[in-house]
Structures are given as C-alpha cells and as structure tokens.
Amino acid sequence: MASVSINSVSKVYPNGFQALFDLDLSVEDGEFMVLVGPSGCGKTTALRMVAGLEEITAGTIEIGGRVVNEVEPKDRDIAMVFQNYALYPNMTVRDNIGFGLKLRRMPKDQIAARVDEAMGLLGLTDWADRKPAQLSGGQRQRVAMGRAIVREPSVFLMDEPLSNLDAKLRVQMRAEVARIQRRLGVATLYVTHDQVEAMTMGDRVAVLSEGVLQQFDKPQIVYDHPRNLFVAGFMGSPPMNLFEATIAEGARVVMVGSQQVDLPESVLIEAPDLRAYARRPVVLGIRPEDLGGLRPGDHDDLQAACALEGRVELVEALGSEQLIHFTTDARAVEVKGARDDDAEGLGQGTINRGGAGIARMEARASVRAGEAVRLHIDPSRLRFFDPETTEAIGFATPTGGGAGSGGEAQRR
C-alpha cells in the first residue's frame, strides 16, 4: 500500500495553455480522495500526470514516498479505471479481468485465484463466461474494476468511471465502488464532475476550478463552510442561494434588497470579520434546506426578524421533499462556471440574474405557485462572501482536515 503526494505541480502545454497552477494534494494510504470540478478545470490532467500519461511542467509527484516524475506508467504500481470501460469485446469476463496478469506471464493458477476472488468481490461469478456485449453497463464497469483489482496495485486512479451509466445505476454503483475501495484499503484518486459523487464517496474532496485548487477538506466541511463563491455555487444540489446584500452600521442588520434581516450576536462571534464590512456590500449565502416557509399571517416570533419574503414561482414535488423556487426583490448572484459542466474556459467571476432562489421543504408543506411566503432563516447557517475577492468572510476550518488554498481562479 502507498500514499500519493502532488507537490506544487503545474502543467503548461506547448501552445502556452496552462491547465494546472501549483497544485498541492495528498492521498493518504487507504484514503478515497475525490477531485471534483466542472469540465475543463484540469482534474483529468492531474490524474493523467499521476498515472504518467502526461508530462509534468513543474513540481513533483510521489507514490509511496518515491518521486515518479521520470518513472514509466507501467512501473508506478498503479491501476486505472476509465470512463469507457476499455474492455476487449471478443474476451469473456474472466479473460478480460485476467488479461493484464497474463501479459505479465503470471502462473495460470495464480491468475485463476486472483480472478475468482475479484469476481466474487464484484458479484460477477455468474457472468464469468459472458462477453461484454451480453452485460449491462453496471456489469461492464464491474469488469473494468476487476481488471484493476487483480493487479493488486498500491494506488487506484479512477477517471469518471460512472458517467456513462443511467441515473439509477449510477447511485447503486457509487455505493458499490465506495464499499469495494474500503474493503481493499487502497489509496484511491477519483475524478468526477458530479459533486453528489464527491460528497457521498470521498473521505476528502478537492474542488478545482480553472486549474486552481479552491478547497481541499472533508466533504461536510466543504459543504458547510465553502471557502469562496465558486465552492458555494458548485457544491450542493441545488446549490447555495446567493444574494447581493449590504451590511448595515454596527453589523447587526443585513439589507437584502429592500428587506432587513437581523443578525444575532452568535453570527458575529462566528464571523467577527463581518464587522469590518459595515456599510459595505457583501454576498449573502444560504443553503436551500436552511430556509423554512410560512405564509404571511402565520406567526413565529422567535425567527420573525431573521426571514426573507418572496413569491413562489414553481413547486417541484420530488416525493420525499419539495423544491420551492421563489423570487425576491434582492439581486441573486450566480457563480460563473459552477452550473454548466459542459462549458470550457469559464471564469471565477459572477453574473447577476433575477432575484431567484430555492428552498427545500418537507413533502407535505402546503405551498402553491403565485403564493407569497416568509422564508425563515437559521441565522447560524448564514454565510457571507466578499463580492470583489469572492472569498468567504470569517472563514475558518471548524476542525483540522487539510483545508486547501482558496486562491483566486483568475490566473488564467
């Protein structure tokens, strides 16, 4: 077993395009680390450099404490699982899984033992003699994983392995991949553009944008305490609501459009730097699940001062919950590049749109389109960001966990 260390790694292509800027990451022995970001952010480039398939412009990569910058891919003791499975169509499941061992001229009895063990672990024993065309997408992905497992590598590298599966199967395979990785205890670097995969699978998550590491920490810390606007807008489904706001004199009130939201002393204790923003603009962030809805005329004296009024535009009934799309007279802020996974060359800046937001409510909440609502806010869940630097105001990592740089992504 081994760990992976990426130290100040940069990648510049011959045409001058820089894909990565001073990337620092680590994958501990046995850890499942997820590298997440929109398309074109450099995450696959980073993975390919660890694999030895891309040259490094600057920095070093270590596997098991050994610098591997000049080491051939076959000598790095890694196994890679690709997005497109890369199975041999004329071979059975058994032969596909054992083919790499056969190339190494491993004794047949050892190959058979490893292949049988991998098929048992992956639930493929009953399909051992079938060819890829006779398998479902999930079964093909299991075969691809089996081929990696039998090599008994020090490190697994996975490049969006579930992206070709349908939504239901993808959920099932997320749990399967995580279960298998924990059972094997092999350091794993997993690349995805799907932030739900990142949140549910990773021991730690590294968020990348335009080749710059934005945040690197445990999934819940990244979700609860985003270091900047990009992380706030990218992590979460639906993402964090972001509104233009102004801190009033004394920092006890924040103006959101024409509405006044009172800030309790506990908020100022958690984010003391907020006092320096008195009479200055900020971006106010609140997660959809931290908004509760009551119609005007209902009473909730304890939270009456910490609320946002709006009008319901759309109700999405999802069975177990409802997503309430609403508008206010505030100006909403959308993080550029955080929602369009297929676009390239997207910046870290923000663009304004109508005062739209989303609240997540219980399935039985009686809310209808066109209705005015008072959305009560849990003040401890409010987050604030500097509109110019995009950095969180008063950011602090609650517990030690390897928080990464929240550096600017305007360096490209």
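Procedures and definitions
- Residues numbered from 1 in each chain as written.
- Predicted model: local features only at pLDDT ≥ 70, side-chain atom pairs only at ≥ 80, totals over all residues.
- Heavy atoms only, no water.
- Pairing = 2+ DSSP bridges.
- Helix = DSSP H or I, 4+ residues; strand = E, 2+ residues; numbered from the N terminus.
- Buried < 20%, exposed > 50% of the residue type's maximum accessible area, 1.4 Å probe, protein only.
- Contact = heavy atoms within 4.5 Å.
- Core = buried A, V, L, I, M, F, W, Y, C linked by side-chain atoms within 4.5 Å.
- Polar contact = N/O pair within 3.5 Å; in protein donor to acceptor, adjacent residues only side chain to side chain.
- Axes fitted to C-alpha atoms, helices over the stretch in contact; angles between N-to-C directions.
- Parallel < 35°, antiparallel > 145°, perpendicular 65-115°, else oblique.
- Left-handed = near helix turned anticlockwise from the far one by under 90°.
- Nonpolar A, V, L, I, M, F, W, Y, C, P; charged D, E, K, R; others polar.

Asker: Got a minute to help me understand the pairing of strand S16 (residues 307-317) in this structure?
Answerer: Residues in a regular strand project their side chains so that they alternate between the two faces of the sheet. One ladder, built from 5 bridges, connects S16 with strand S21 (residues 372-377); its direction is antiparallel. Pairing of Leu-308 across the sheet is with Leu-375, part of S21. By the bridge criterion, 6 bridges tie S16 to strand S17 (residues 321-327) in an arrangement that is antiparallel. Each residue of the ladder has a partner; that of Leu-314, found in S17, is His-325.

Asker: What am I meant to see in the sheet that holds strand S1 (residues 4-12) here?
Answerer: The strands making up a sheet associate through backbone hydrogen bonding, with each pair oriented either parallel or antiparallel. Spatial ordering of the open sheet is given by S2-S1-S4-S5, a layout of 4 strands whose pairing is antiparallel. Two strands bound the open sheet, and with one partner strand each, they are strand S2 (18-27) and strand S5 (66-67).

Asker: How should the side chain of Gln-322 be read in this particular structure?
Answerer: When you line up the elements, Gln-322 lands in strand S17. Its relative accessible area of 7% is what places Gln-322 among the buried residues. Beyond its immediate stretch of four places on either side in the chain, Gln-322 contacts Val-315, Glu-316, Ala-317, Ala-359, Arg-360, Met-361, Glu-362, Ala-363, Arg-364 and Ala-365.

Asker: Explain the nonpolar core to me, please; I cannot follow it from the model alone.
Answerer: Nonpolar side chains in soluble globular proteins tend to be buried together. Ranked by size, the top nonpolar core spans 54 residues in total, and within it Val-177, Val-207, Met-235 and Leu-242 carry the most contacts. In terms of residue count, helix H3 (residues 108-122) provides more of this core than any other element does, 6 residues in total. Excluding its chain neighbours within four sequence positions, the residues that come into contact with Val-177 are Phe-32, Met-145, Met-158, Leu-162, Tyr-190 and Met-201. If you look at the next biggest cluster of nonpolar residues, it comprises 33 residues, including Cys-306, Ala-330, Ile-377 and Phe-384.

Asker: Sorry, what's going on with unusual backbone geometry here?
Answerer: Peptide bonds are, in most cases, trans, and in most cases residues other than glycine have a negative phi. Backbone torsion omega between Ser-237 and Pro-238 reads 0°, so that peptide bond is classified as cis. The residue Arg-105 is not glycine, and still its phi comes out positive at about 60°. In this structure, Arg-105 sits in the loop between helix H2 (93-103) and H3.

Asker: Would you mind showing me how to read the side chain of Thr-192 here?
Answerer: With respect to the element layout, Thr-192 can be found in strand S8 (residues 187-192). One polar contact links the side chain of Thr-192 to the main-chain amide nitrogen of Asp-194, over a distance of 2.9 Å. With sequence-adjacent residues up to four places away left out, Thr-192 is seen in contact with Val-34, Leu-35, Val-36, Gly-37, Lys-43, Glu-160, Glu-197 and Ala-198.

Asker: It is not clear to me how the sheet that holds strand S6 (residues 78-81) should be interpreted in this structure. Could you clarify?
Answerer: Ordered by their spatial adjacency, 6 strands build an open sheet running S6-S7-S8-S3-S9-S10, and the pairing between neighbours is mixed. The open sheet has two edge strands, S6 and strand S10 (212-217), and neither has a second partner. In this sheet, adjacent strand axes meet at a mean angle of 15° when their direction is disregarded. Alignment of strand S9 (residues 204-209) against S10, held across 5 bridges, turns out to be antiparallel. Each bridged residue has a counterpart across the sheet, and for Leu-208 the counterpart in S10 is Leu-213. In the packing of helix H4 (residues 137-149) onto the sheet, the strands contacted are S6 and strand S7 (155-159), and the crossing angle to S6 comes to about 175°. Running over the sheet, helix H5 (residues 167-184) touches strand S3 (32-36), S7 and S8 and is turned about 140° from S3.

Asker: Would you mind showing me how to read the packing of H4 against H5 here?
Answerer: How two helices pack is summed up by the angle between their axes together with the distance between the axes. The geometry of H4 relative to H5 is characterised by a closest axis approach of 11 Å and an angle of 20° between their N-to-C directions. As far as their axial angle goes, H5 and H4 are roughly parallel. For H4 against H5, the interelement crossing comes out right-handed. Judged by residue contacts, Gly-137, Gly-138, Gln-141, Arg-142, Met-145 and Ile-149 of H4 engage Leu-169, Gln-172, Met-173, Glu-176, Val-177, Ile-180 and Leu-184 from H5. Here the residues of the contact of H4 with H5 are counted per class, giving 7 nonpolar, 4 polar and 2 charged.

Asker: Would you mind showing me how to read the environment of Phe-234 here?
Answerer: Relative to the assigned elements, Phe-234 resides in helix H8 (residues 229-234). The class of Phe-234 is buried, set by a relative accessible area of 4%. Spatially, the C-alpha atom of Phe-234 lies 8.5 Å from that of Pro-38, the residues being 196 residues apart in sequence.

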